[in-house]
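Each chain is listed here by its residues.
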Amino acid sequence: MTKSSFDPRLALSVVGGKLTGTAIRLVGRGGGTAAPGLVADKVDTGLLTKLSAQLPQGAVLVAGTNGKTTTTRMIADIFQANSWQVVHNRSGSNLVRGVVAAYLGQSTPGGHIRGDIGVIEADEAAMPELVRRIQPQVIVLNNLFRDQLDRYGELDTIAKSWQKVVAQLSPEVTLIVNADDQTLVALTDNTPATRICIGLNEAHHRLESLPHAADAAVCRVCGADLEYRALYLSHLGEWYCTGCGRERPSLAFAAGDIALHGDRNSEMTVTATDGAHRLTVGVPGLYNAYNALASAAVARAFGVPWDVITSTLTGFQSAFGRIERIQYQNRSITLALVKNPTGFNEVLRMLTAETGALRHPTIICINDLDADGRDVSWLWDVDFELLAEGTGDLFTTGIRGADMANRLKYAGVPLTRIHPLSDDLAAAFDAFIQQVPEGASAYILPSYTAMLRLRKTLADRGIVQEFWEQ
Amino acid sequence: MTMQITIGWLYGAKMNIYGDRGNVVALQQRARWRGVDAQVQEIGIGEPVPAGIDIFFWGGGQDQEQVAVAKDIAGAKGEAIREAVERGAALLSICGGYQLLGHGYQPHDGEMLGGIGVFDAISTAGPTRFIGNVTIESPRFNTLVGFENHSGLTTLQGDCQPLGKVVHGHGNNGRDGTEGAIYKNAIGCYLHGALLPKNPHLTDWLLQSGLRHRYTEVDDLTPLDDALEFLAHENALSRSRTQT
């Protein structure tokens, strides 16, 4: 199909989808980020494939439990800085219908897409279907952690479905794999695609032992125990198997000499085949070093020059709610999304890194709706024991705020520092702010739907933008 | 004299899913808060059951891990656990651990995984997955709350007593209204959550049973301030009532 040809079915589905999105925004029901895709997809199931084929630079797809929103945002920003028009499911709506909606948003009613390149964040379960439909020429596999297991069954199921997908890729596809994750290495070992391994070679920021949230360190191939020459984050590190001798492959892109500057930003050196590149990453925490590394590897795969990459990452601002700073009634508030054990552990590591303990009042907001995971047992895999020392009071709210408060008690936080508040987020937020002295700092750590609800409250008060406006 | 208690955590490295570790934390903390010194010994694959375990804990796992564990539990090791239960040791098992404490688990494909027969019960892979908040009423423990996430179906046989009757949720098999099993001081169930932190009365029963296993004379446990525990308990109870 050439770009000028007219496909009536495609056009009908684009128009139908667009109307749905407008209607939803008009009645004020939210961003309308996924429903238009559902409508358009029903009219023409080949829509994504047809629109993707029109993008001159093709597309990159990012999958993984943690960091996919931030990584795709970094990639999209780099491409924009490289003067490419980007088609991106930026609001984090990462199922097939969300991606369809993003493509629709940049298509003409005649079924032509306005853009140079697609940047797709893929939900773990939707990844195989999205790869089939979009046929991206670069795919990033970031990591696989325990997430909302009640949504997916078990990790094994995802790993197996991914393995099937990568076994069918063509050699022209570039597969960028976080080699610090042994599961991702094992499932891509026999791929026909061109595999590029990325990871950390870092001397300082290491863990002593596997955190509780990490899965058993067992070789995915032979079942023997896995050992680490260096362990960085959850089960990610320089691993080797004590049974079959598998080990982390050599890295085409390695991040090292990492300097973490608390909850502000970080610096690192990326060593690639074309030399070493020192860069600042505008968002904090070791997990964002991984995200920045992946985005740099993607950008290089598309031939973007290093100076565009480094300047974009330096100025990078994080995705909504992932980590965000707001001023409210003369208080400095840092908002950081917590959605699974590994992500939560890294946020706690970041908040306590510089002072060794929690110093500022903090409110944790836990919901148990579908998008949060209906099972709150994951809170028991987070190492809240880190908060037992320190002076910051801990407040809880959300539908399962009571579970959170109880978790803190069993982590050894003194009862005098635990304050369960109303499960109504807006009321709890106001009560919390009253407990933060004027001019002081505070942290808000919400689960996914709690974050959306909280941002709605803040948007209604004119403090932050609604997320689909970003 | 400081009292001591030893918790044996079976396959903690391999079978610890959906926050099951919280149960070990709850046992340890509630012992400590009463001045009882609680030691945790992990018992992994290839390691024998040490003497003197007062409370066993065995959590759930993913399929791959359950196969390796089933092999390991056959023979002397399973026998040692069964004997300990007969002598009055306390035991809590959840999901995968519970299944292997019955006569075994028949997966969809592959051979039957043999169990050790502490409970007169048999488990098979089912067609759907039961996921959600659960409330049960138990004759001994009154209300218990947890979160189930299993496709295995367990059927109690003979005189095997259920832990309780399902009020909200699916329980052992979604058919007969039972949840879990209890034999002497051993409990098996499908309740993740984690279970013990928000059911402190059950935690204390396990601790009391463990202490009676070790010492001939044991006073009743000192009551604790359980306000946060029961706040979480009520919270889970109301979620199981309102979920669709």
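The structure displayed is predicted, hence computed values, not measured ones. (Residues numbered from 1 in each chain as written. Chains lettered and ligands numbered in written order. Predicted model: local features only at pLDDT ≥ 70, side-chain atom pairs only at ≥ 80, totals over all residues. Heavy atoms only, no water.)

A.B. asks: Report on the interface of chain B and chain A, specifying residues and quantitative values.
C.D. replies: On the chain A side, the residues contacting the 37 residues of chain B number 39 residues. Of all residues in chain B, R21, Q62 and L228 of chain B give up the largest surface area on contact with chain A, accounting jointly for 21% of the area buried on that side. Counting the contacts that link chain B with chain A gives five salt bridges. Our enumeration of links across chain B and chain A arrives at 12 residue pairs in polar contact (both at pLDDT 80 or more). Put simply, the parts of the chain that give the side of chain B that touches chain A at least two residues each are α1 (21–32), α2 (63–73), β7 (121–138), β8 (142–156) and α6 (227–242) of chain B. Per-element tally for the side of chain B that touches chain A: the top contributor is α6 of chain B, with seven residues. Here the side of chain B that touches chain A is built from residues that sort into 14 nonpolar, 13 polar and 10 charged. (Contact = heavy atoms within 4.5 Å. Buried area = accessible area lost by both parts, 1.4 Å probe. Salt bridge = Lys/Arg side-chain N within 4 Å of Asp/Glu carboxyl O. Polar contact = N/O pair within 3.5 Å; in protein donor to acceptor, adjacent residues only side chain to side chain. Helix = DSSP H or I, 4+ residues; strand = E, 2+ residues; numbered from the N terminus. Nonpolar A, V, L, I, M, F, W, Y, C, P; charged D, E, K, R; others polar.)

A.B. asks: Would you mind going over the pattern of salt bridges in detail, with residue names and values included?
C.D. replies: Residues and elements named next belong to chain A. Summed over all chains, the structure comprises 32 salt bridges over all chains. R248 serves as the salt-bridge partner of E238, at 4.0 Å between the closest nitrogen and oxygen. Taken together, the residues E238 in strand β8 (residues 236–241) and R248 in the loop between β8 and β9 (253–261) connect sequence positions 10 residues apart. E238 gets classed as partly exposed once you look at its relative accessible area, which sits at 23%. On the basis of relative accessible area, R248 is assigned to the buried category, the value being 11%. With its nearest N and O atoms 3.2 Å apart, the salt bridge here joins D274 to R300. (Buried < 20%, exposed > 50% of the residue type's maximum accessible area, 1.4 Å probe, protein only.)

A.B. asks: Break down the packing of aromatic side chains for me, with residues and values.
C.D. replies: Residue and element names in this part refer to chain A. Under the defined criterion, the tally for this structure stands at 13 aromatic pairs over all chains. Considering the side-chain rings of F344 and F384, the 4.9 Å spacing of their centres and the 80° angle between planes classify their relative orientation as edge-to-face. One end of the pair, F344, is in helix α12 (residues 341–352); the other, F384, is in the loop between β14 (362–365) and β15 (394–397), with 40 residues separating them in the sequence. For the pair F344 and F384, a shared accessibility class is recorded, and that class is buried. Through a chain of ring-to-ring contacts, the aromatic side chains of F79, W84 and F302 assemble into a single cluster. (Phe/Tyr/Trp six-rings, centres within 6.5 Å; stacked < 30°, edge-to-face > 60°.)

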